[in-house]
Amino acid sequence: MFKKEIDVKSQQRLSGADRKKLKRTIKERFPKLSDADVNALLPPKVELSACRCANRVVVYGVEGECPMFYDADGRSQIFPTVYALWKVPDLLPSFVLKGGLVSKYVLGGADLMFPGIEVPADGLPSFSAGEPWSVKVPGNPAPIAVGTTTMSTTEALEAKLHGKALRISHYYGDALWASAERPFIPNAGFMEGVVLEDPAILPSSDISDSYQDNESVEKENSSGTENTGNDGATDGASTLCDFGDNSATEPIITEVADLHLEESSIDAEHNTDNQHPLTAEEVDILFDKCLLQALHTTVKQKDLPIVGSILWSAHVLPCRPPGVTLDIKKSSYKKLSKWLQVKAANGLISVKEDKHTKEMHLISVNRKHPDYTSFVPEKKKADENEQAVKNVANDEQGDRLMDVMELYKPSSHVIPVFKATGADSAKLYSASQASEIIFEYVDKEKLVKQGDTSTVVLDATLCDVLFKGTIKKGSTYPTEIHKKDLGPGFISRMQAHHLVTRGSESIVRKGELKPIQITTERRQGNKKVTKVSGLESFLIDGETLASELQKKFACSTTVSELPGKKGLEVLIQGGVIDNLGRYLVEHYGVHKKYIEVFDKTKK
């Protein structure tokens, strides 16, 4: 609904009567919403606006801030935006995805399918068709999308949890989210194109509330051993642990190079002894270590600029040692922005503050800085989420990669050779396999010419296989043939086929593979259009390609059936003939020899 930029037809402030009517409608549609929640979403002493769009959608929001509700069809079918859900997360019941990686499909504009939903242990929740529901990522309390259920619980169970669960109408990152005066995200788990668990939510099973609590535990310990620290991190502060003898002491780390990111080999059942909290100076060193590790391993030039919070959550935090937590408040910097500014003052990085959000952005990295060049990054096992993202990306890339293989089927001309060698004449063969069969026949019949191993003597069978029907009447048949001509001559007498494979999908068709045709021509008003056809032979879906090109070239696209032919034709507004060919080569793996270009606009 909001994939494209919102076309606003009119915008007006709500009068007192309209405000009351809107709040009354919201409370009727969402009975669990309290008056305090309504006032939090639509404050009584601020101006509210209503934007009427070309697609009959009405968007209600706080003037100068962000949209809070939208009427999907102009008939009081009110839905909350993600901004409203971030303020009142329990406003709508939620489906929880099986993992954060599934969110990339929802945020790409796809509807939510049942296989992507994590079904609770007590079974699928009760719902009816047409109900508003939200979508959440495990480990992140902030919803990422809003939609309408397509069927009831009973119908879903009858369908064995297959098919579409939620018809998504609005999601984080779409045009409605971007229409806010200052678009923002609720936590660091929200990244561009994907939402993962909130890194601020840490498991508390291994974290004690205070150092004093642990001291009381020590007094109750009857073993008589003396502990110097608690079992976990003190109030979120980073700690270094010594798993050796009680009398041993661990030296304080004073240099960045001394801090190792290797995983501990100690069993989780062992108790930790001689543990002490880090000082602010040691935490600063740990921060520098993690930043340099991130700049070497995960921060790429193409990713810049990066929002400071994303740099922290997606790059710096994953580089911390296992079992160690990072808390900026335990450092001497106290704030993330100040830490980045100090690093920028040292010349390691350059940062810039966004004038709207007031958040620091990492603009560039000085990879010739002494701290960067002297640092040796340590090898570390990839984070599960990061590795899963790579796996999904590889799977998607594998689905797009195309392979074309030319195959040949034995015809009536070559059947005698296949029978003589015992080969299956009903199978399809590659060029090399077919050549092996003809040379196997030559070896079996001992047709290599004596004294000239590069020449094959033709017997009656081989002569008919290669030349019957091609020699004019009255002409004599050849008596011998060079080996280099034997294979191609034998293959030319077979029926050509082609096998096209894309990911797990493959298809075999008779004849040679016809190329994709890209044509640019002029229409009325001297406007250029580009047409592409022949996609079906390469297992390319026309509707999907049209949607991709619409975003890629920021233009309108249409898909129609070819007149008098089978197949679809994609029409793109504008002369994008060169860019389109390059897109098919780079993103769909189509070789250049299978693309024909016709530019009818040139005189």
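Residues numbered from 1 in each chain as written. Predicted model: local features only at pLDDT ≥ 70, side-chain atom pairs only at ≥ 80, totals over all residues. Heavy atoms only, no water.

Here we come to the overall build of the protein. Helix and strand content of the protein: 18 helices and 28 strands. Sequence separation of at least 24 residues holds for 60% of the intrachain contacts in the protein that already meet a minimum separation of 6. (Helix = DSSP H or I, 4+ residues; strand = E, 2+ residues; numbered from the N terminus. Contact = heavy atoms within 4.5 Å.)

The pairing of strands in a sheet happens through backbone hydrogen bonds and is either parallel or antiparallel. Taken in spatial order, the 5 strands of this open sheet run 6-8-9-10-7, and their pairing is mixed. In this open sheet, the two edge strands, each paired with only one partner strand, are strand 6 (94-96) and strand 7 (112-113). The sheet contact formed by strand 6 and strand 8 (residues 132-137) spans 3 bridges and is parallel. Bridged to Ser-94 within strand 8 is Ser-134. (Pairing = 2+ DSSP bridges.)

Moving on, we come to the packing of aromatic side chains. Aromatic rings in a pair are described by how distant their centres are and how their planes are angled relative to each other. Tallied over the full model, the rule gives 19 aromatic pairs. Measuring from ring centre to ring centre gives 5.3 Å for Phe-2 and Tyr-70, while their planes differ by 85°; the resulting arrangement is edge-to-face. Remark: Tyr-70 occurs in strand 4 (residues 67-71) and Phe-2 occurs in the segment before strand 1 (8-13); sequence separation between them is 68 residues. The buried category is assigned to Tyr-70, whose relative accessible area is 0%. (Phe/Tyr/Trp six-rings, centres within 6.5 Å; stacked < 30°, edge-to-face > 60°. Buried < 20%, exposed > 50% of the residue type's maximum accessible area, 1.4 Å probe, protein only.)

Over the atoms rolls a probe the size of a water molecule, and in doing so it shows where empty space is left. In this structure, the second largest pocket occupies an estimated 620 Å³ of space. Along the walls of the second largest pocket sit 23 residues, with Lys-514, Ser-533, Gly-534, Leu-562 and Lys-566 positioned nearest its centre. Put simply, the parts of the chain that give the lining of the second largest pocket at least two residues each are strand 23 (505-510), strand 24 (516-522) and strand 25 (528-533). Residues belonging to the lining of the second largest pocket are distributed by class as follows: 5 nonpolar, 7 polar and 11 charged. (1 Å grid on protein atoms, 1.4 Å probe; cavity = no way out; pocket = protein on both sides within 12 Å on 5 of 7 lines; lining within 4 Å. Points joined across faces, edges and corners; volume = space filled by probe spheres on them. Nonpolar A, V, L, I, M, F, W, Y, C, P; charged D, E, K, R; others polar.)

Turning our eyes to something else, we now look at the nonpolar core. Leu-41, Met-68, Phe-69, Leu-112 and Ile-144 are the most contacted members of the largest nonpolar core, which has 62 residues in total. With 5 residues, the single largest contributor to this core is helix 3 (residues 82-87). Setting aside its immediate chain neighbours within four residues, Ile-144 contacts Val-82, Leu-97, Ser-103, Leu-107, Val-135, Val-137, Tyr-171, Tyr-172, Phe-190 and Val-195. In this structure, Phe-287, Val-324, Leu-348 and Phe-375 belong to the second largest nonpolar core, which totals 34 residues. (Core = buried A, V, L, I, M, F, W, Y, C linked by side-chain atoms within 4.5 Å.)

Before going further, it helps to spend a moment on the packing of helix 17 (residues 542-553) against helix 18 (residues 577-588). As a packed pair, helix 17 and helix 18 sit with axes 12 Å apart at the nearest point and diverge in direction by 120°. Relative to helix 18, the element helix 17 lies oblique. Seen from above, helix 17 lies across helix 18 with right-handed handedness. Contacts between helix 17 and helix 18 pair Thr-544, Leu-545, Glu-548, Leu-549, Lys-552 and Phe-553 from the former with Asn-579, Leu-580, Tyr-583, Leu-584 and Tyr-588 from the latter. Residue composition of the contact of helix 17 with helix 18, grouped by class: 7 nonpolar, 2 polar and 2 charged. (Axes fitted to C-alpha atoms, helices over the stretch in contact; angles between N-to-C directions. Parallel < 35°, antiparallel > 145°, perpendicular 65-115°, else oblique. Left-handed = near helix turned anticlockwise from the far one by under 90°.)

For a regular strand, the rule is simple: side chains alternate between the two faces of the sheet. Here strand 8 lies mainly inside the structure; 6 of its 6 residues are buried. Judged by which residues are buried, strand 8 turns out to be covered on both faces: Pro-132, Ser-134 and Lys-136 on one side and Trp-133, Val-135 and Val-137 on the other are all buried. Where strand 8 lies against strand 9 (residues 140-149), 5 bridges are found, and the strand directions are antiparallel. Looking across to strand 9, one finds that Trp-133 is bridged to Gly-147. Between strand 8 and the antiparallel strand that follows it, strand 9, lie 2 residues; Gly-139 among them carries a positive phi value of about 85°.

What follows is about the sheet that holds strand 28 (residues 595-599). With mixed pairing, the 5 strands of this open sheet are ordered in space as 26-27-25-24-28. Pairing within the sheet leaves two strands with one partner each, and these edge strands are strand 26 (557-561) and strand 28. Taking each pair of neighbouring strands and ignoring which way they run, the sheet shows an average axis angle of 20°. Two strands pair when backbone bridges link them, and strand 24 and strand 25 are joined in this way by 6 bridges, in the antiparallel orientation. By the bridge assignment, Arg-522 is partnered in strand 25 with Lys-528. Across the sheet, helix 17 lies against strand 26 and strand 27 (568-573), angled at about 160° from strand 26, the strand it touches most.

This part covers unusual backbone geometry. Of note in the backbone geometry, Lys-446 takes a positive phi value of approximately 55° without being a glycine. Mapping Lys-446 onto the fold places it in the loop between helix 14 (431-445) and strand 20 (455-457). Since its relative accessible area comes to 73%, Lys-446 is described here as exposed. One non-glycine residue, Leu-539, lies in the positive phi region at around 55°. One can find Leu-539 in the loop between strand 25 and helix 17.

Further remarks concern the environment of Glu-131. Along the polypeptide, Glu-131 turns up in the loop between strand 7 and strand 8. The contacts of Glu-131, once residues within four sequence positions are left out, are Gly-147, Thr-148 and Thr-149. A distance of 3.1 Å separates the side chain of Glu-131 from the side chain of Trp-133, its partner in a polar contact. (Polar contact = N/O pair within 3.5 Å; in protein donor to acceptor, adjacent residues only side chain to side chain.)

This model, assessed by the stated rule, comprises 7 salt bridges. Put simply, Asp-35 and Lys-27 hold a salt bridge, and the shortest N to O gap is 2.4 Å. Here the residues in one salt-bridge network are Glu-521, Arg-523 and Lys-531, joined through shared partners. (Salt bridge = Lys/Arg side-chain N within 4 Å of Asp/Glu carboxyl O.)

Here we take up helix 16 (residues 483-492). Residues of helix 16 that are buried include every one of Leu-486, Gly-487, Phe-490 and Ile-491, and no others. All buried residues of helix 16 lie within an arc of 115° about the axis, which places them on one face of the element. Facing away from the buried side of helix 16 by more than 90 degrees, the exposed set consists of Lys-484, Pro-488 and Ser-492. Considering only its buried residues, helix 16 is in contact with strand 18 (402-409), helix 13 (415-421), helix 14, strand 20, helix 15 (460-467) and strand 21 (480-482). (Arc of directions from axis to C-beta.)

Right, let's talk about the side chain of His-170 for a bit. Structurally, the position occupied by His-170 is in strand 10 (residues 164-171). A polar side-chain atom of His-170 sits 3.1 Å from the main-chain amide nitrogen of Val-82. Among the polar contacts made by the side chain of His-170, one reaches the side chain of Asp-174 at a distance of 2.8 Å. Sequence-distant contacts of His-170, defined by excluding residues within four places in its chain, comprise Phe-2, Tyr-70, Pro-80, Thr-81, Val-82, Ala-145, Val-146, Leu-176 and Trp-177.

This part is about the environment of Arg-509. Mapping Arg-509 onto the fold places it in strand 23. Along the sequence, Arg-509 and Leu-499 sit 10 residues apart, while their C-alpha atoms lie 6.7 Å from each other. Look past the residues within four positions of Arg-509 in its chain and what remains in contact with it is His-497, His-498, Glu-536 and Ser-537.

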